[in-house]
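# Architecture and fold: a report
Residues per chain are reported as follows:
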Amino acid sequence: MKSNVKRPSPAMVIAIIALILAVAGTATAALNSKDKKKVKKIADQEITAKAPGLSVASAGSATSATNATNAANATNATTAAGANAVNGFSVTSFNHRNIAPNYDSGFVDLLGASGFHGVRVQASCTDNGGVVNDNANMRIVGTAATNGGFAVVGSTSASNNANQDEDQNFNTGDTLALKPATQNTQGTATIQSADGSKTATITYYGVSIILGLGCEVGGTVTSNG
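Below, the structure is looked at part by part. (Residues numbered from 1 in each chain as written. Predicted model: local features only at pLDDT ≥ 70, side-chain atom pairs only at ≥ 80, totals over all residues. Heavy atoms only, no water.)

## With respect to the environment of Ala136
- Mapped onto the elements, Ala136 comes out in strand E5 (residues 135–141).
- With 10 residues separating them along the chain, Ala136 and Thr126 place their C-alpha atoms 6.7 Å apart. (Helix = DSSP H or I, 4+ residues; strand = E, 2+ residues; numbered from the N terminus.)

Shown next, in the form of structure tokens:
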């Protein structure tokens, strides 16, 4: 006759052993080495079987995580190799490259028309009439988030010409050049809201490809909101 009594699971066996030890006290608390190995083997098997479905609410370190103090990849992290937010600052990158004869007819929004956290970056690559360097222009544009705020740009060209410009009332539609047309340039720009609570930093470069073949600009934006 077939029995309907189910065998206890390994997890149940471990729980029963733990209960017996707790009730019996120190007199039976010490398992012999053979029994210890059996219990450890069962525990290891249970952990291995259930590990793929386990989750951790928070972790000091993780290879990949939604939130972590340290992570190789994370949505939010204190330090991370790749992250959308680091220490409360959101980060994004932009790049724009055109090769002749595919030039821009005007400025192109690199972070969308509404920008990234109110930061709007535009670029334009236009033909310079066959001259050695094409025109690679880049600028920031004021949005509703920057109204009454402050913007400053500091850049250095390939010929070591330093340039600094600022707008102390950076309103919607206002523009501030990041890169002169025909000069290879790298630099930073900072935008601060009117109340000083929000700051964005843009690190960028712009190059005109030699022999009149095109242009490229790129960089990153870091913002606290």
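## Describing the side chain of Glu216
- Looking at where Glu216 falls in the secondary structure, it is placed in strand E11 (residues 214–223).
- Using a relative accessible area of 17% as the deciding quantity, one classes Glu216 as buried.
- Looking at Glu216, its side chain comes within polar contact range of the side chain of Arg97, at 2.7 Å.
- Contacts of Glu216, omitting those with residues within four sequence positions, involve Asn95, His96, Arg97, Tyr205, Gly206 and Val207. (Buried < 20%, exposed > 50% of the residue type's maximum accessible area, 1.4 Å probe, protein only. Polar contact = N/O pair within 3.5 Å; in protein donor to acceptor, adjacent residues only side chain to side chain. Contact = heavy atoms within 4.5 Å.)

## Brief notes about the sheet that holds strand E3 (residues 108–109)
- The 4 strands are arranged E3-E4-E5-E8 in an open sheet whose pairing can be described as antiparallel. Each edge of the open sheet carries a strand with a single partner, namely E3 and strand E8 (175–179).
- Bridge count for strand E4 (residues 120–126) against E5 is 7 bridges, and the pairing is antiparallel. Bridging from a neighbouring strand, Cys125 pairs with Ala136 of E5. (Pairing = 2+ DSSP bridges.)

## Focus on empty space enclosed by the protein
- Across all of its chains, the model carries 1 cavity of 30 Å³ or more by this definition.
- Of the pockets and cavities examined, the largest cavity occupies roughly 40 Å³.
- Lining the largest cavity are His96, Arg97, Asn98, Ala123, Ser124, Cys125, Ala136, Asn137, Cys215, Glu216 and Val217.
- Elements that contribute at least two residues to the lining of the largest cavity include exactly strand E2 (89–99), E4, E5 and E11.
- Class assignment for the residues of the lining of the largest cavity results in 5 nonpolar, 4 polar and 2 charged. (1 Å grid on protein atoms, 1.4 Å probe; cavity = no way out; pocket = protein on both sides within 12 Å on 5 of 7 lines; lining within 4 Å. Points joined across faces, edges and corners; volume = space filled by probe spheres on them. Nonpolar A, V, L, I, M, F, W, Y, C, P; charged D, E, K, R; others polar.)

## Quick word on the nonpolar core
- One finds Phe94, Val121, Ile140 and Ile202 to be the most contacted residues of the largest nonpolar core, which totals 21 residues.
- Elements that contribute at least two residues to this core include exactly E4, E5, strand E6 (149–157), E8, strand E9 (185–192), strand E10 (199–209) and E11.
- Counting residues per element, this core draws most heavily on E10, which supplies 3 residues.
- Beyond its immediate sequence surroundings of up to four residues, Ile202 is in contact with Phe94, Val119, Val121, Ile140, Gly187, Thr188, Ala189, Ile191, Thr220 and Val221. (Core = buried A, V, L, I, M, F, W, Y, C linked by side-chain atoms within 4.5 Å.)

## Focus on the pattern of salt bridges
- Under the definition given, this model contains 2 salt bridges.
- Between Asp109 and Arg120 there is a salt bridge, and its shortest N-O distance comes to 2.8 Å. Of the two residues, Asp109 is situated in strand E3 and Arg120 in strand E4; the sequence distance between them amounts to 11 residues.
- Overall, the relative accessible area of 26% leaves Asp109 in the partly exposed class. (Salt bridge = Lys/Arg side-chain N within 4 Å of Asp/Glu carboxyl O.)

## Structural notes on the pairing of E9
- Alternating residues of E9 divide into Thr185, Gly187, Ala189 and Ile191, all buried, and Gln186, Thr188, Thr190 and Gln192, none buried.
- In terms of strand pairing, E6 meets E9 through 8 bridges, oriented antiparallel. Within the sheet, the bridge partner assigned to Ser157 lies in E9 and is Thr185.
- Bridge count between E9 and E10: 8 bridges; the pairing is antiparallel. Bridging across to E10, Gln186 finds its partner in Tyr205.
- Hairpin connection, E9 to E10: the antiparallel pair is bridged by 6 residues, and Gly196 has positive phi, about 80 degrees.

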